[in-house]
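Architecture and fold: a report
Spelled out from the first residue to the last, the chains are:
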Amino acid sequence: MPDVSEIKAIFPSATDLDELFNIPPSLRRRDIGAIRVVTPKGRSYDNPFQGYSTDRDRFDQYLASEAVSAGAELITSCAFIKAADGLYQTSKGTFRAKVIVGADGPGSRVAREMGLPLPKHPYPAVAAQAKGDFEPVLTMFFGGIAPGAYGWIIPKDGSANVGVGCSPKLADLRPSDYFYRFVETHDLNVTSRISGKYVPAQGPIKPIYDEGAITVGDAAGHVMAVNGGGIPLAMIAGRTAADVLEKHIVKGGPISLYQERLENTIFGPLRSAARTKWLADVFAFGSDFRTEWCMRTLGRRRISKILRCRFPFP
Ligand SMILES: Cc1cc2nc3c(=O)[nH]c(=O)nc-3n(C[C@H](O)[C@H](O)[C@H](O)COP(=O)(O)OP(=O)(O)OC[C@H]3O[C@@H](n4cnc5c(N)ncnc54)[C@H](O)[C@@H]3O)c2cc1C
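Residues numbered from 1 in each chain as written. Predicted model: local features only at pLDDT ≥ 70, side-chain atom pairs only at ≥ 80, totals over all residues. Heavy atoms only, no water.

1. Points about the overall build of the protein
Where we set the bar: Strands here are runs of E lasting at least two residues and helices are runs of H or I lasting at least four, both read from the DSSP assignment and numbered beginning at the N terminus. We compute the radius of gyration from the C-alpha atoms alone; for a globule the expected value is 2.2 Å times N to the 0.38, where N is the number of residues. Here's how the labels work: a residue is buried when its accessible area is under 20% of the maximum for its type, exposed when over 50%, partly exposed in between, all with a 1.4 Å probe on protein chains only. Whether two residues are in contact is decided by their heavy atoms, any of which lying within 4.5 Å being enough. A 1.4 Å probe and the Shrake-Rupley method give the accessible areas. Residues count as covered only by the protein chains that appear here. Positive residues here are Lys and Arg, negative ones are Asp and Glu, while His and the chain termini are left out of the count. Charge coordinates come from a single atom per side chain, which is NZ of Lys, CZ of Arg, CG of Asp or CD of Glu.
When its secondary structure is counted, the protein shows eight helices and 13 strands. At 20 Å, the protein has a C-alpha radius of gyration in line with the 20 Å of a compact globule built from 314 residues. Projecting the C-alpha coordinates of the protein onto the three principal axes gives extents of approximately 55 × 40 × 40 Å. The proportion of buried residues among the 314 residues of the protein is 47%. A separation threshold of at least 6 residues defines the contact pool for the protein, and within that pool the share at least 24 residues apart is 64%. Taken as a whole, the protein presents about 15,800 Å² of accessible surface, with 53% of it coming from carbon and sulfur. Here the protein holds 39 positive side-chain charges and 32 negative ones, and the gap between their average locations is 5 Å.

Structure representation (structure tokens):
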């Protein structure tokens, strides 16, 4: 997770971020002072970056408890199944709703049922926990070790989250094969099961609303294509959705305001990141030689811009 100062730098038009990202210090597992980007031949570029690692399950439980304190009713282990005639069928019964919010990830069933577009060509990524002492630096490894994406080491206290992502177009092996190769190359002592998911990488999609539904977070492609980070975006979009839907339900305000507000806050940087990712797909990925050459040509300053969703040129 980036510190709020970094989130403000990436999304300067987003408002009230201090309040949204006022995360309890107890959820910070390790402070991180830089992102190290490593080329296929091992040259590294250190980019100062303030952030922290956390435990995702505790982090999500904290967000859920904030929602409950604000009046939400929490129902767990409940799968949304189907929408028909204004009724919404779930594994725990059928509900009536004015609007439903699809915050159900890149394969969003809500989006499919409500006829909203889904993120296209998401990237598989797998991760696990590894034991050991690691520097307080988030490291990203590029090249054939993770074709079209990167391998990562995110330090925690006495451990790290380690993983790889890959482009379905460029990968010859299964994501788990790349993962085990990565673990072997970096001599990592993996102590947990590996788990995998898909990461949207095409940039923001539209529309993300209809009269009876909106999509949020990964379901709406709210992920920085240059690094796969989506937690801060899911939070910003989630809060925007709540504001707009409150006005929509109570005062009949337009639901289209949701997409408009995101257009003015997060879509610009997300599009810029998607454009950079497209350039990387065309010019940098596909061979270690090209990746090495492009990264050296970009150098630390431009790489630092890319990490913050800015276009690297001029
Ligand atoms: C390996 C990996 C590492 C990542 N690391 C980072 C990172 O370090 N930093 C970062 O910012 N981002 C990271 N991301 C991206 C980040 O995880 C996502 O962007 C973020 O979780 C999006 O949140 P979300 O709430 O939109 O979706 P999700 O976190 O995917 O949550 C969707 C939820 O919906 C539930 N669901 C699905 N279908 C249904 C249904 N039919 N009915 C009811 N519930 C359903 C799922 O069980 C899940 O709990 C990573 C992604 C991966 C795959």
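2. Description of the state of the cysteines
Quick reminder of the rule: Cysteine sulfur atoms are paired as a disulfide whenever they fall within 2.5 Å.
With the rule as written, the count across this model stands at zero disulfides. Not part of a disulfide, Cys-166 finds its nearest cysteine sulfur in Cys-294, a span of 20 Å. Judged by its relative accessible area of 2%, Cys-166 is buried. Residue Cys-309 stays outside any disulfide, its sulfur separated by 19 Å from that of Cys-294, the closest cysteine.

3. A short note on the pattern of salt bridges
Applied cut-off: When a carboxyl oxygen of Asp or Glu is within 4 Å of a side-chain nitrogen of Lys or Arg, the pair counts as a salt bridge.
Counted according to the given criterion, the structure contains 18 salt bridges. Close ionic contact of Glu-135 with Arg-36 constitutes a salt bridge, the shortest N to O distance being 3.1 Å. One end of the pair, Glu-135, is in the loop between strand S7 (123–131) and strand S8 (137–141); the other, Arg-36, is in strand S1 (residues 30–38), with 99 residues separating them in the sequence. Look at Arg-36 and you get buried, because its relative accessible area is 17%. Between Lys-197 and Asp-218 there is a salt bridge, and its shortest N-O distance comes to 3.5 Å. With Lys-197 in strand S12 (residues 195–199) and Asp-218 in the loop between strand S13 (213–215) and helix H6 (231–251), the pair connects residues that are 21 residues apart, well separated along the chain. Residue classification places Lys-197 among the exposed residues on the basis of a relative accessible area of 53%. On the basis of relative accessibility, which here comes to 15%, the residue Asp-218 falls in the buried class.

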